[in-house]
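Structure assessment
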Amino acid sequence: METLDVFDRKILGELQRDAAQSLDHLGETVGLSRNACWRRIKALEGAGVLTARVALVNPKTVGLGLMVFMQIRTGSHDPDWQAQFSRAAHAIPGILSVYRMTGDLDYLIRARVADMADYDRLYQQLITRLPVADISASFVMEEIKDSTALPL
């Protein structure tokens, strides 16, 4: 897709708010027919604009009430270490996001765990899979805003 028009943006905004809504409701909300919405959604998926439609789970209700940000400093920046790190991050279920950073940190990990003991298990899983120079962690005391919706 070369550009997103006003209807594409409305559809994306609505799907970010509630991807389970019916095409009829979506069409009424954005001002298009259900078939026009369906065609646009398929085009957005085909163009890679829409990458997934998922359900968001309240982490506390499934026993994952503690969010942790792990700051990683590595002693190596070679491609083999990076590939090993990527494999480890994908293999550990509690790790939700991983970012390669500029500045003092090399990587920032966002993870969900049940409690401190569960965090220690995640930490041990990570350090047994690859060498790191330093790991520090910050635990979230209060989530003030946590959104998956992009500003369109």
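Before going into details, it helps to say that this report is about the structure given with it.

This part is about the pattern of salt bridges. Under the defined criterion, the tally for this structure stands at nine salt bridges. For Arg-40, the salt bridge is made with Asp-8, and the minimal N-O distance between the two is 2.8 Å. One end of the pair, Arg-40, is in helix 3 (residues 34–46); the other, Asp-8, is in helix 1 (residues 6–17), with 32 residues separating them in the sequence. Judged by relative accessible area, Asp-8 falls into the buried class, the value being 4%. Between Arg-121 and Asp-118 there is a salt bridge, and its shortest N-O distance comes to 3.6 Å. Taken together, the positions of Arg-121 and Asp-118, both in helix 5 (residues 116–129) and three residues apart, correspond to about one turn of that helix. The class for Arg-121 is partly exposed, based on a relative accessible area of 49%.

Our focus in this paragraph is helix 5. The terminal C-alpha atoms of helix 5 lie 20 Å apart, and with 14 residues this matches the ideal 20 Å at 1.5 Å per residue to within 8%. Buried residues of helix 5: Asp-118, Tyr-119, Leu-122 and Leu-126, and no others. End-on view of helix 5: buried residues confined to an arc of 105 degrees, all on one side of the axis. Buried residues in helix 5 make contact with strand 1 (66–73), helix 4 (79–91), strand 2 (95–100), strand 3 (107–113) and strand 4 (134–139). Two or three places before Ala-117, at the start of helix 5, stands the capping residue Asp-115, its side-chain oxygen 3.2 Å from that residue's backbone nitrogen.

Let us look at the packing of aromatic side chains. Applying the stated criterion across every chain, the model contains five aromatic pairs. Taken together, a centroid distance of 5.1 Å and an interplanar angle of 10 degrees make the contact between Trp-81 and Phe-85 stacked. Of the two residues, Trp-81 and Phe-85 are both situated in helix 4; the distance of four residues between them amounts to about one turn of the helix. When sorted by exposure, Trp-81 lands in the same class as Phe-85, which is buried. On the basis of an interplanar angle of 40 degrees and a centroid distance of 6.2 Å, the ring pair of Tyr-119 and Tyr-123 is categorised as tilted. Of this pair, Tyr-119 and Tyr-123 are both found in helix 5, four residues apart, which corresponds to roughly one turn of the helix. Connected via pairs of aromatic rings, a cluster forms that spans Trp-81, Phe-85 and Tyr-107.

Here is what the cut-offs are and how they apply
- Residues numbered from 1 in each chain as written.
- Predicted model: local features only at pLDDT ≥ 70, side-chain atom pairs only at ≥ 80, totals over all residues.
- Heavy atoms only, no water.
- Salt bridge = Lys/Arg side-chain N within 4 Å of Asp/Glu carboxyl O.
- Helix = DSSP H or I, 4+ residues; strand = E, 2+ residues; numbered from the N terminus.
- Buried < 20%, exposed > 50% of the residue type's maximum accessible area, 1.4 Å probe, protein only.
- Expected span 1.5 Å × (residues − 1).
- Arc of directions from axis to C-beta.
- Contact = heavy atoms within 4.5 Å.
- Polar contact = N/O pair within 3.5 Å; in protein donor to acceptor, adjacent residues only side chain to side chain.
- Phe/Tyr/Trp six-rings, centres within 6.5 Å; stacked < 30°, edge-to-face > 60°.

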